[in-house]
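Secondary and tertiary structure notes
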Amino acid sequence: MALLTTHINLAIVALQNDDIIGLPTETVYGLAGNMYSEKAIKKIFETKKRPFYNPLIVHIKNIDYLDVVAQNIPAKALLLAQHFWPGPLTLLLDKRADVPNIVTADKPTVAVRIPSHPMALALLQQLNFPLAAPSANPFTTISSTTAQHVKEYFDKDLDIILDGGECTKGIESTIVGFTGDDVIIYRLGAITETDLEKIVGEVSIYIGQDDKPIAPGMLIKHYSPKTKTVLLENDVNIQLNNLANKKIGALVFNKKIDDERIVEQEILSEASNLEEAAKNLYAALHRLDKSKVDIILIALLPNEGIGKSINDRLRKAVN
Ligand code: TXA
Ligand code: MG
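Here the residue numbers are simple positions, counted from 1 along each chain's written sequence. Following the order in which they are written, the chains are lettered starting with A and the ligands numbered starting with 1. Reporting in this predicted model follows two pLDDT cut-offs: at least 70 for local features of residues, and 80 or more for side-chain atom pairs to be given and counted; totals over whole chains, interfaces and linings ignore these cut-offs and use all residues. By convention in this description, side-chain values take in all heavy atoms of the structure and omit both hydrogens and water.

**Concerning the pairing of strand S16 (residues 295–298)**
Burial along S16 is two-sided: the face carrying Ile 295 and Leu 297 and the face carrying Ile 296 and Ile 298 are both buried. Note on pairing: two strands pair once DSSP finds at least 2 bridges between them. Secondary structure follows DSSP: runs of H or I at least 4 residues long count as helices, runs of E at least 2 residues long count as strands, and numbering of each begins at the N terminus. Pairing geometry for strand S13 (residues 228–231) and S16, over 4 bridges, is parallel. Bridge assignment links Leu 231 to a residue of S16, and that residue is Ile 298. Each residue is placed in one exposure class: buried if its accessible area under a 1.4 Å probe, protein chains only, is under 20% of its type's maximum, exposed if it is over 50%, and partly exposed if it falls in between.

What follows is the structure, encoded as structure tokens:
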């Protein structure tokens, strides 16, 4: 049974003993272990049922630590780090040789960030190793934005889940890589394209092949409910007619769809605020998934700012 706790000391002891914990960050909860502990890293992959080809993000405590895990750091990477850290930006950089290959899935790069959640930072401050952590959800399922979500997934597998409350951002970090002078977004996330462009000028968004993703956050099925999930179609009436006899749920942006055939609805932000929508996104999907509807209809959000990142997740939630 997993203990939900705010006592960082319990987490420190567990991590020093090669165990893994549930870790709150400002984006989503992580499944964290000592980056240098092969035992802990293996346990992360096994617990998450994550294939070993899919690398983990390394969480460090301060910018000086960058040189411990990465090398040949491009000037633009440093600019972004100085501007957005601690915060929801992950940089793909050349790895140093002593970063274990199991963490980076044998890639020459390491993904690294400094989280801004006070509990995560306080914990990292007291450790003398970085924390490797993927999101705290089984492979391809909905991410966790509360300690309770983590407990529902991993009650049997974890002893300690640090309870840092509800994640303030609610969507994963933005992953950025560098090729020559180019800055490339490999995963849309809590920091927008426009935020990045204010600091380093033009950036591009990587369009991957789905069978061979560079950042497998780009795998086509991801963030998915157990319940059958489809996008809301333009002609709602025809779509609902085709679903006669089904219990229907819907995830919508700012107001309910006025149709009594939909029995469960989740509104992401009545105020039409995209940041609020991001914060509510995964909890709303979890609730719909538990509500025993037969099918979840998903309405895409305005495709701007963080709405673009949310839409990326919503398209992949379709199963
Ligand atoms: O906000 C976040 O980034 C959260 C919190 C816990 O920090 N973490 C997270 O981890 O979302 P995860 O494992 O669910 O997603 C990390 C993504 C994966 O798609 C992985 O393939 C990619 O980052 N990644 C990690 N290391 C990489 C590398 N060296 N090269 C390319 N992609 C990498
Ligand atoms: Mg994930």
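Picking up where we left off.
**Comments concerning the pairing of strand S7 (residues 109–113)**
Of all 5 residues making up S7, 4 are buried, and the element is well covered by its neighbours. Inspection of the sheet shows strand S4 (residues 57–59) paired to S7 by 3 bridges, in the parallel sense. Bridge pairing in S7 links Ile 57 to Ala 111. Where strand S6 (residues 89–95) lies against S7, 4 bridges are found, and the strand directions are antiparallel. In the sheet register, Asp 94 faces S7, and the bridge partner there is Thr 109.

**Let's talk about the domain arrangement of the chain**
Annotation of the chain at the domain level lists domain 1 (3–74 + 81–171) and domain 2 (228–317). On a C-alpha basis, the centres of domain 1 and domain 2 stand 30 Å from each other. Each partner contributes residues to the interface: domain 1 has 14 residues there, and domain 2 has 14 residues. Buried area is a sum: the accessible area each of two parts loses on coming together, probed at 1.4 Å, counted once for each and added. Buried area between domain 1 and domain 2, both sides added, is near 1100 Å², and the carbon and sulfur share of it is 63%. Only one rule defines a salt bridge in this text: a Lys or Arg side-chain nitrogen within 4 Å of an Asp or Glu carboxyl oxygen. Where domain 1 packs against domain 2, one counts 1 salt bridge. As a salt-bridge pair, Glu 152 and Lys 290 come within 3.0 Å of each other at their nearest N and O atoms. Between N or O atoms, a polar contact is any pair within 3.5 Å; within protein, one atom must be a potential hydrogen donor and the other a potential acceptor, and residues adjacent in sequence are included only when both atoms are from side chains. Put simply, domain 1 and domain 2 have 3 residue pairs in polar contact (both at pLDDT 80 or more) between them. Ten residues, namely Ala, Val, Leu, Ile, Met, Phe, Trp, Tyr, Cys and Pro, are considered nonpolar, four, namely Asp, Glu, Lys and Arg, are considered charged, and the remaining ones, Gly among them, are considered polar. Here the side of domain 1 that touches domain 2 is built from residues that sort into 5 nonpolar, 6 polar and 3 charged. Each domain's extent is set by a domain assignment, obtained either automatically or from a database. We call two residues in contact whenever any of their non-hydrogen atoms come within 4.5 Å of each other.

**Observations concerning the pattern of salt bridges**
Inspection of every chain in the model, using the stated rule, returns 12 salt bridges. A salt bridge links Asp 312 to Arg 313, with the nearest nitrogen and oxygen atoms 2.6 Å apart. Just as Asp 312 is buried, Arg 313 falls in that class too. Residues participating in the shared-partner salt-bridge network are Glu 172, Asp 312, Arg 313 and Lys 316.

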